[in-house]
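Each chain, written out:
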Amino acid sequence: GAVVSQHPSRVICKSGTSVKIECRSLDFQATTMFWYRQFPKQSLMLMATSNEGSKATYEQGVEKDKFLINHASLTLSTLTVTSAHPEDSSFYICSAFDSQVYEQYFGPGTRLTVT
Amino acid sequence: GDSVTQMEGPVTLSEEAFLTINCTYTATGYPSLFWYVQYPGEGLQLLLKATKADDKGSNKGFEATYRKETTSFHLEKGSVQVSDSAVYFCALDGSSNTGKLIFGQGTTLQVKP
């Protein structure tokens with residue numbers, strides 16, 4: 001299957017700072033990417049749908065001003081956690097959706113720790 | 001809203017044992033159903049999928065059948081290997097195949113030699 005990379009794989013930041021996570025689709029052009037959040041020993045929770053060239057669509061309960069998503073090209077989506085707080089510490093996972101074969105390819109995830 | 005419920009883990013089996021991981025769902029429409037596997041340190045990978053009732057998805061010896069009457073999509077494998085040790089997620093796409101997935105809580109499988 002297609003390869004999706006995320007950078008960084010893990011990041012530690014201080015409370016109040018912002019952190020940017022990159023998600024790249026290496027093998028195909030993805031008009032749609034998704035961002036998920038995974039808490040320890042829990043399921044993945046869909047945060048938002050990232051659409052190339054348009055605004056992201058956020059799921060209910062996700063603060064769009066806190067989690068800024070930009071999908072400026074067909075191979076790159078970024079998630080910026082603004083003014084991070086310890087409760088934002090989590091595992092963030094992105095995926096690229098290939099609608100032609102109806103398959104979703106996941107990145108390896110980014111571990112964010114806010115101190 | 002739509003939801004997915006998986007059996008709680010961890011599941012510990014001996015090599016060559018039979019595996020069943022239960023998954024049931026609630027959906028208002030006609031969802032597509034998936035099993036994903038997450039090996040340690042890696043991203044989720046699609047294991048198998050079924051897009052309509054009575055479809056059977058299969059891959060690498062794993063099988064799951066889309067049962068609309070019981071709203072289930074149980075994962076089975078006849079003989080597990082140590083290399084099958086991973087976390088398994090059941091998921092559904094209930095929103096007209098937009099790719100928006102709802103996941104179960106995941107089941108950790110540990111296979112001992």
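Counting secondary structure elements, chain B contains zero helices and twelve strands. When the elements of chain B are put in sequence order from the N terminus, they spell out β-β-β-β-β-β-β-β-β-β-β-β. Taking 113 residues into account, the globule formula puts the C-alpha radius of gyration at 13 Å, and chain B, at 13 Å, falls close to it. With respect to the three principal axes, the spread of C-alpha positions in chain B is 40 × 25 × 20 Å. Within chain B, buried positions represent 43% of all 113 residues. Pairs at least 24 apart in sequence give 56% of the contacts found in chain B among residues at least 6 apart. In the structure as shown, chain B presents an accessible area of about 5,300 Å², 47% of it carried by carbon and sulfur atoms. Here chain B contributes 9 positive and 12 negative side-chain charges, whose respective centroids are spaced 4 Å apart.

For the rest of this paragraph, the subject is the sheet that holds strand 8 (residues 76-81) of chain A. All names here are of chain A. Strand order in the open sheet formed by four strands is 1-3-8-7, and the pairing between neighbours is antiparallel. Looking at the sheet topology across the chains shown, the edges are occupied by strand 1 (4-7) and strand 7 (67-73). Between one strand and the next, the sheet's axes are offset by a mean angle of 15°, whatever the strand orientation. Examined bridge by bridge, strand 1 and strand 3 (residues 19-25) share four bridges and lie antiparallel to one another. Directly across from Val4, in strand 3, lies its bridge partner Ser25.

Next up on the list: unusual backbone geometry. Cis geometry marks the peptide bond from His7(A) to Pro8(A); its omega dihedral reads 0°. Here Pro8(A) lies in the loop between strand 1 and strand 2 (10-13). Look at the link from Gly9(B) to Pro10(B): it is a cis peptide, with omega at 0°. By the element assignment, Pro10(B) lies in the loop between strand 1 (3-6) and strand 2 (11-14). Here the phi dihedral of Tyr102(A) falls at roughly 50°; this positive angle occurs in a residue that is not glycine. Locating Tyr102(A) in the fold gives a position in the loop between strand 9 (90-98) and strand 10 (103-106). Looking at Tyr102(A), the relative accessible area reads 12%, which means it is buried.

Another point: the interface of chain B and chain A. Reports often express the size of an interface as the amount of accessible area lost when the parts come together. At the interface, 20 residues of chain B touch 19 residues of chain A. The junction of chain B with chain A conceals about 1,400 Å² of combined surface from both sides, 56% of it contributed by carbon and sulfur atoms. The largest share of the area that chain B buries against chain A comes from Leu44(B), Lys100(B) and Phe103(B), three residues that together contribute 31% of it. Here chain B and chain A share one salt bridge between them.

In this section: the pairing of strand 11 (residues 110-114) of chain A. All names here are of chain A. What you see with strand 11 is a clean split: Thr110, Leu112 and Val114 sit on the buried side and Arg111 and Thr113 on the side with no burial. Direction of pairing for strand 2 relative to strand 11: parallel, over a ladder of four bridges. Across the sheet, the residue bridging to Cys13 is Val114, located in strand 11. Where strand 9 meets strand 11, three bridges bridge the pair, whose relative direction is antiparallel.

The next subject is the state of the cysteines. Residues and elements named next belong to chain A. Tallying each qualifying case throughout the model produces two disulfides over all chains. Between the sulfur atoms of Cys23 and its disulfide mate Cys94 the distance is 2.0 Å. Residues Cys23 and Cys94 share a disulfide whose torsion about the S-S bond is about 80°; that sign makes it right-handed. Taken together, the residues Cys23 in strand 3 and Cys94 in strand 9 connect sequence positions 71 residues apart. With a relative accessible area of 0%, Cys23 lands in the buried category.

Remark: the alpha-carbon pair of Tyr102(A) and Phe91(A), spanning eleven residues in sequence, is separated by 25 Å. In contact with Tyr102(A), not counting residues within four places along its chain, are Phe97(A), Ser32(B), Phe34(B), Lys49(B), Thr51(B), Asp93(B), Asn97(B) and Gly99(B).

Cut-offs and rules
- Residues numbered from 1 in each chain as written.
- Chains lettered and ligands numbered in written order.
- Predicted model: local features only at pLDDT ≥ 70, side-chain atom pairs only at ≥ 80, totals over all residues.
- Heavy atoms only, no water.
- Helix = DSSP H or I, 4+ residues; strand = E, 2+ residues; numbered from the N terminus.
- Rg over C-alpha atoms; globule rule 2.2 N^0.38 Å.
- Buried < 20%, exposed > 50% of the residue type's maximum accessible area, 1.4 Å probe, protein only.
- Contact = heavy atoms within 4.5 Å.
- Areas by Shrake-Rupley, 256 points an atom, 1.4 Å probe, with all protein chains shown as cover.
- Lys, Arg positive; Asp, Glu negative; His and termini not counted.
- Charge placed at Lys NZ, Arg CZ, Asp CG, Glu CD.
- Pairing = 2+ DSSP bridges.
- Axes fitted to C-alpha atoms, helices over the stretch in contact; angles between N-to-C directions.
- Buried area = accessible area lost by both parts, 1.4 Å probe.
- Salt bridge = Lys/Arg side-chain N within 4 Å of Asp/Glu carboxyl O.
- Disulfide = S-S within 2.5 Å.

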